[in-house]
Amino acid sequence: MSTPSTTGNTPHQPVSATAPMSLTERRKAETRMEIARAAAALFVRHGLRATRAEDIAQAAGVAPRTFYRYFASKEEAVAPLYAAGAELCVRAVRDAPPALSVPEALRHAVERTLNPGVGVPAASWESVRTLIRLADASPALGKVWAEVCRTSECALAEALADRLSASGSEGDEGHEGHEGHAAHAAHAAHAAHAGHAGTEGQQRNDGREGHEGSDGYRGTATGSAGPGGSADPGHSGDGTDDNVARPAAIESHLRLTAAVAGAAIRVAVESWAATASPPTGPDGPATRALRNLTALENYAWPEPA
């Protein structure tokens, strides 16, 4: 579930992170986003093949060595923009009114992120279309897009788990507890999987081939804060990864459900980008995504325990 943001006005920070970024981390995130915006502009203007990493560095006002400290390749340079769009959608799910059910919260998020001028500025949607088309045409850029989509699905699963946990605590005082929630979520994931074949399109193959930068730093396609930063989701900075346990804990409950919902939104955006349709109206990405979600509404979505 991802929609490129061509503005990236806020420093990129994973939606699952709760601690505020330090000044150093914020500066690194801002540098990453400046490079990402420069890369996107050059890709749109000149195409992916004609754009070199050195061209991106020059347009961003940084040295090539600095570019490779943040990104392993020119394709990875737009990952923060891909991720920023996905984060808007996941954050909208988190911010949806607590009384909304899971499908209602997803529709709420679509209406607030895929309608031009609400999530992504209206003037940016043609650039969004180009970036998605480039991801479809370039295997290397397609891997970046696929990895960001996979990461956003994990973030969506966490957001749904948090919503259901909060709703269950408010309405039931935790009577059923975690096991009751797991039963509801697992049932919904099974039902969603059974109906997934009816949704529009299919998931791209995931994968990624990175390489070392000129100074030995490996860039990432998921929008980390760069060398020494701690904007990677769940990284504690002490050699351990706080995200190791949590995805495993929610995998059997909501990961498949999040993947199905994310695919419904992602495929809507991709199918729109393949056309010449305007970003508004019956063939726009928001309308397409809402249609896909409507096709899933009869499935047994997770409910609060």
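This structure is a prediction, so every number in the text was calculated from the model and none was measured.

Enquirer: So what about the overall build of the protein? Which residues, and what values?
Expert: Across its full length, the protein carries 10 helices and zero strands. The order of α-helices and β-strands along the protein, N terminus first, is α-α-α-α-α-α-α-α-α-α. In the protein, which comprises 305 residues, the share counted as buried stands at 49%. Pairs at least 24 residues apart make up 76% of the contacts formed inside the protein by residues separated by at least 6 positions.

Enquirer: Describe the nonpolar core, listing the residues and the values that go with them.
Expert: Formed by 69 residues in total, the largest nonpolar core has its most connected members in Ile-56, Phe-67 and Tyr-82. Top contributing element to this core by residue count: helix 7 (residues 139–172), with 12 residues. Apart from residues no more than four positions distant in its own chain, Phe-67 is found in contact with Ile-35, Ala-53, Ile-56, Ala-57, Val-62, Ser-73, Lys-74 and Ala-77.

Enquirer: I'd love a proper account of helix 10 (residues 285–296), names of residues and values included.
Expert: Helix length check: helix 10, at 12 residues, gives a terminal C-alpha distance of 17 Å against a target of 16 Å (1.5 Å per residue), a fit within 8%. Within helix 10, burial applies to Pro-285, Ala-286, Arg-288, Ala-289, Leu-290, Asn-292, Leu-293 and Leu-296.

Enquirer: Kindly report on the packing of helix 4 (residues 79–95) against helix 5 (residues 102–113), identifying the contributing residues and their values.
Expert: To describe two helices that pack against each other, one gives the angle between their axes and the distance between the axes. Closest axis-to-axis distance for the helix 4/helix 5 pair is 8 Å, and the angle between their directions is 135°. With respect to helix 5, the element helix 4 is oriented oblique. Crossing of helix 4 against helix 5: the hand is right-handed. The residues of helix 5 that touch helix 4, namely those facing Leu-88, Cys-89, Ala-92 and Val-93, are Ala-105, Leu-106, His-108, Ala-109 and Thr-113. Broken down by class, the residue content of the contact of helix 4 with helix 5 amounts to seven nonpolar, two polar and no charged.

Enquirer: Quick rundown of helix 4? Include the residues and the values.
Expert: A turn of α-helix holds 3.6 residues, and therefore any two residues three or four places apart point the same way. Its 17 residues give helix 4 an end-to-end C-alpha distance of 24 Å, which sits within 8% of 24 Å, the value for a rise of 1.5 Å per residue. The buried fraction of helix 4 is high, at 13 of 17 residues.

Enquirer: Tell me about the packing of aromatic side chains, and please be specific about residues and values.
Expert: Taken as a whole and judged by the stated rule, the model has four aromatic pairs. Ring geometry for Phe-67 and Phe-71: centres 5.8 Å apart, planes at 45°, overall tilted. On the basis of an interplanar angle of 70° and a centroid distance of 4.9 Å, the ring pair of Tyr-82 and Trp-145 is categorised as edge-to-face. Here the residue Tyr-82 occupies a position in helix 4, and Trp-145 occupies one in helix 7, the gap between them amounting to 63 residues. Pair check on accessibility: Tyr-82 and Trp-145 agree, each one buried.

Enquirer: Explain the packing of helix 1 (residues 23–46) against helix 2 (residues 53–60) to me, and be specific about the residues and the numbers.
Expert: Between helix 1 and helix 2, whose axes approach to 8 Å, the crossing angle comes to 120°. When the axis of helix 1 is compared with that of helix 2, the two are oblique. Crossing of helix 1 against helix 2: the hand is right-handed. Residues Glu-34, Ile-35, Ala-38, Ala-39, Leu-42 and Phe-43 of helix 1 pack against Asp-55, Ile-56, Ala-59 and Ala-60 of helix 2. Considered class by class, the residues forming the contact of helix 1 with helix 2 number eight nonpolar, no polar and two charged.

Enquirer: Go over the environment of Phe-67, please, and point to the residues and values.
Expert: The topology assignment puts Phe-67 in helix 3 (residues 64–70). Along the chain, Phe-67 and Ala-77 lie 10 residues apart, while their C-alpha atoms are 8.6 Å from each other.

Enquirer: Explain the environment of Cys-154 residue by residue, including any values.
Expert: Relative to the elements of secondary structure, Cys-154 occurs in helix 7. In sequence terms Cys-154 and Ile-250 are 96 residues apart; their C-alpha atoms lie 9.2 Å from each other.

Cut-offs and rules
Residues numbered from 1 in each chain as written. Predicted model: local features only at pLDDT ≥ 70, side-chain atom pairs only at ≥ 80, totals over all residues. Heavy atoms only, no water. Helix = DSSP H or I, 4+ residues; strand = E, 2+ residues; numbered from the N terminus. Buried < 20%, exposed > 50% of the residue type's maximum accessible area, 1.4 Å probe, protein only. Contact = heavy atoms within 4.5 Å. Core = buried A, V, L, I, M, F, W, Y, C linked by side-chain atoms within 4.5 Å. Expected span 1.5 Å × (residues − 1). Axes fitted to C-alpha atoms, helices over the stretch in contact; angles between N-to-C directions. Parallel < 35°, antiparallel > 145°, perpendicular 65-115°, else oblique. Left-handed = near helix turned anticlockwise from the far one by under 90°. Nonpolar A, V, L, I, M, F, W, Y, C, P; charged D, E, K, R; others polar. Phe/Tyr/Trp six-rings, centres within 6.5 Å; stacked < 30°, edge-to-face > 60°.

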